[in-house]
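Tertiary structure, described
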Amino acid sequence: MSAADWYAHKSLGDGLFWIQERFYQSDNRANIWLLRGTHQDVVIDTGLGLRSLPDYIDSKGLLGKDPQRKNPLLAIATHAHFDHSGACTSSNRWASTAQSDREIAEAPCPGWRARNYKVKAVQPTHILQEGDVINLGDRQLTVLHMPGHSRGSICLHDRDNKLLFSGDVVYDGAMIDWLPYSHVSDYISSCERLVGLVDSEQVDQVLPGHYNAFGAKRLHRIATGYISRAETCPAKFSTFAWRTLAGVALRAFNPRSAC
Ligand SMILES: [Zn+2]
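From a predicted model like this one, the values you see are computed outputs, not experimental measurements.

Describing the overall build of the chain
Within the chain, the secondary structure is distributed over seven helices and 11 strands. The 259 residues of the chain split such that 45% are buried. When contacts within the chain are restricted to residue pairs at least 6 apart in sequence, long-range pairs at least 24 apart make up 62% of them. Summed over its atoms, the accessible surface of the chain is roughly 12800 Å², and 52% of this surface lies on carbon and sulfur atoms.

See below:
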């Protein structure tokens, strides 16, 4: 299957595109966001990496253009989990590859099996830090380090346009704080920061790592809901049990070769 068939996209206007992997039919299917700037475009999260995302973007003519050239394309992973980092990570261990044949509706190539899949390592050109600013020309994205779901989770904040690309820090579904590198008290602090962004009117729209986009009121409700649940019912045992089970399950996957 070609890259052109593997993905689908939708323009959301103002240089923003939503891309998805059509044949990965799982709750783990992540949103891929493409944002155009005048000097540079950025793709935020890259899916599984089973087919070439740059080839797809190129074949559909999605990159911004001036009369002289196509824009350079930067790829940023909001965190290292396999459903977001595709070919962006340098380590299969951190990517935590976990998928099954049932989730792949059509194999990306003949004979493809989920158990043989592994992320193809690349060296990141840059490790982002809190406060870094990614300059796309007419747009700037500020890096917010928001640990809790994972140690390295980030959000990208377009302050001028009040957009928040939130990865798995927050989406409109059950938030996951029980993975091996999750941390509940860090997650509470990150949610307090999200509430602060809403209270100071710095966010109008959230473009999350999974499910649909939503607005500031919903962001406030989700973040305050998590804080009150985590503070009133820490569920230390179940968090510990889930983390242990998840760690064992992830170690049981022993990827051997990619197609
Ligand atoms: Zn994740």
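Next comes the rest of the write-up.
Description of the packing of helix α5 (residues 184-199) against helix α6 (residues 216-232)
Put simply, α5 and α6 touch, their axes get as near as 9 Å, and they point 150° apart. On the basis of the axis angle, α5 is roughly antiparallel to α6. Every pair of crossing elements has a handedness; the one defined by α5 and α6 is left-handed. Along its contact with α5, which presents Val184, Tyr187, Ile188, Cys191, Glu192, Leu194, Val195, Val198 and Asp199, the element α6 presents Ala216, Leu219, His220, Ala223, Thr224, Tyr226, Ile227, Ala230 and Glu231. In the contact of α5 with α6, the residues fall into 13 nonpolar, two polar and three charged.

Looking at the sheet that holds strand β5 (residues 73-76)
Pairing is mixed in the open sheet, where five strands are placed in the order β1-β2-β3-β4-β5. Sheet topology places β1 (7-13) and β5 at the edges, where each strand pairs with a single neighbour. Across the sheet, the mean angle from the axis of one strand to that of its neighbour is 20°, orientation sign disregarded. The pairing of strand β2 (residues 16-21) with strand β3 (residues 32-35) spans four bridges and is antiparallel. Among the inter-strand pairings, Ile19 is bridged to a residue of β3, identified as Ile32.

Some thoughts on the nonpolar core
Among the nonpolar cores identified, the biggest contains 25 residues, and Leu164, Val170, Met175, Cys191, Leu194, Leu219 and Tyr226 are the most heavily contacted of them. Taken together, the elements giving at least two residues each to this core come down to α5 and α6. Excluding residues that lie within four positions of it along the chain, Met175 makes contacts with Val169, Val170, Tyr187, Cys191, Ile222 and Tyr226.

Points about the coordination of the zinc ion
The protein atoms that coordinate the zinc ion are His79 (NE2), His81 (ND1), His149 (NE2) and Asp168 (OD), at distances of 2.1 to 2.2 Å. Metal-centred angles of 91 to 174° between the four donor atoms at the zinc ion mark the site as irregular. Here the donor residues for the zinc ion map to a single chain with the spacing H-x1-H-x67-H-x18-D. You can see His81 sitting in the loop between β5 and α3 (82-85) and its partner Asp168 sitting in the loop between β9 (163-167) and α5, a full 87 residues away along the chain. When sorted by exposure, His81 lands in the same class as Asp168, which is buried.

Structural notes on the pattern of salt bridges
Scanning the model with the defined rule gives four salt bridges in all. Between Arg139 and Asp158 there is a salt bridge, with its nearest N and O atoms 2.7 Å apart. Of this pair, Arg139 sits in the loop between β6 (133-135) and β7 (140-145) while Asp158 sits in strand β8 (residues 154-158), and the two are 19 residues apart along the sequence. This pair shows no difference in class: Arg139 is buried, exactly as Asp158 is. Put simply, Asp172 and Arg218 hold a salt bridge, and the shortest N to O gap is 2.8 Å. Of the two residues, Asp172 sits in the loop between β9 and α5 while Arg218 sits in helix α6, which places them 46 residues apart along the sequence. Relative accessible area serves as the criterion here: at 34%, Asp172 is assigned to the partly exposed category. By relative accessible area, which is 30% here, Arg218 ends up partly exposed. Connected through shared salt-bridge partners, Asp14, Arg139 and Asp158 make up one network.

Side note on α6
Between its first and last C-alpha atoms α6 spans 24 Å; for 17 residues at 1.5 Å apiece the expected length is 24 Å, and the two agree. Taken residue by residue, α6 has Ala216, Leu219, Ile222, Ala223, Gly225, Tyr226, Ile227 and Ala230 as its buried positions. The inward-facing, buried residues of α6 contact β9, α5, β10 (205-208) and β11 (214-215).

Quick notes on the pairing of β3
Taking every second residue as pointing to the same face, both faces of β3 are buried, with Ile32 and Leu34 on one and Trp33 and Leu35 on the other. Looking at chain direction, β3 and strand β4 (residues 41-44) are connected through three bridges and run antiparallel. Opposite Leu34, over in β4, you have Val43 as the bridge partner. Connecting β3 to the next strand, β4, in antiparallel fashion are five residues.

Definitions and cut-offs
- Residues numbered from 1 in each chain as written.
- Predicted model: local features only at pLDDT ≥ 70, side-chain atom pairs only at ≥ 80, totals over all residues.
- Heavy atoms only, no water.
- Helix = DSSP H or I, 4+ residues; strand = E, 2+ residues; numbered from the N terminus.
- Buried < 20%, exposed > 50% of the residue type's maximum accessible area, 1.4 Å probe, protein only.
- Contact = heavy atoms within 4.5 Å.
- Areas by Shrake-Rupley, 256 points an atom, 1.4 Å probe, with all protein chains shown as cover.
- Axes fitted to C-alpha atoms, helices over the stretch in contact; angles between N-to-C directions.
- Parallel < 35°, antiparallel > 145°, perpendicular 65-115°, else oblique.
- Left-handed = near helix turned anticlockwise from the far one by under 90°.
- Nonpolar A, V, L, I, M, F, W, Y, C, P; charged D, E, K, R; others polar.
- Pairing = 2+ DSSP bridges.
- Core = buried A, V, L, I, M, F, W, Y, C linked by side-chain atoms within 4.5 Å.
- Donors = N, O, S within 2.8 Å, 3.2 Å for Na, K, Ca; no water.
- Tetrahedral: all angles 85-135°; square planar, octahedral: opposite > 155°, others 65-115°.
- Salt bridge = Lys/Arg side-chain N within 4 Å of Asp/Glu carboxyl O.
- Expected span 1.5 Å × (residues − 1).

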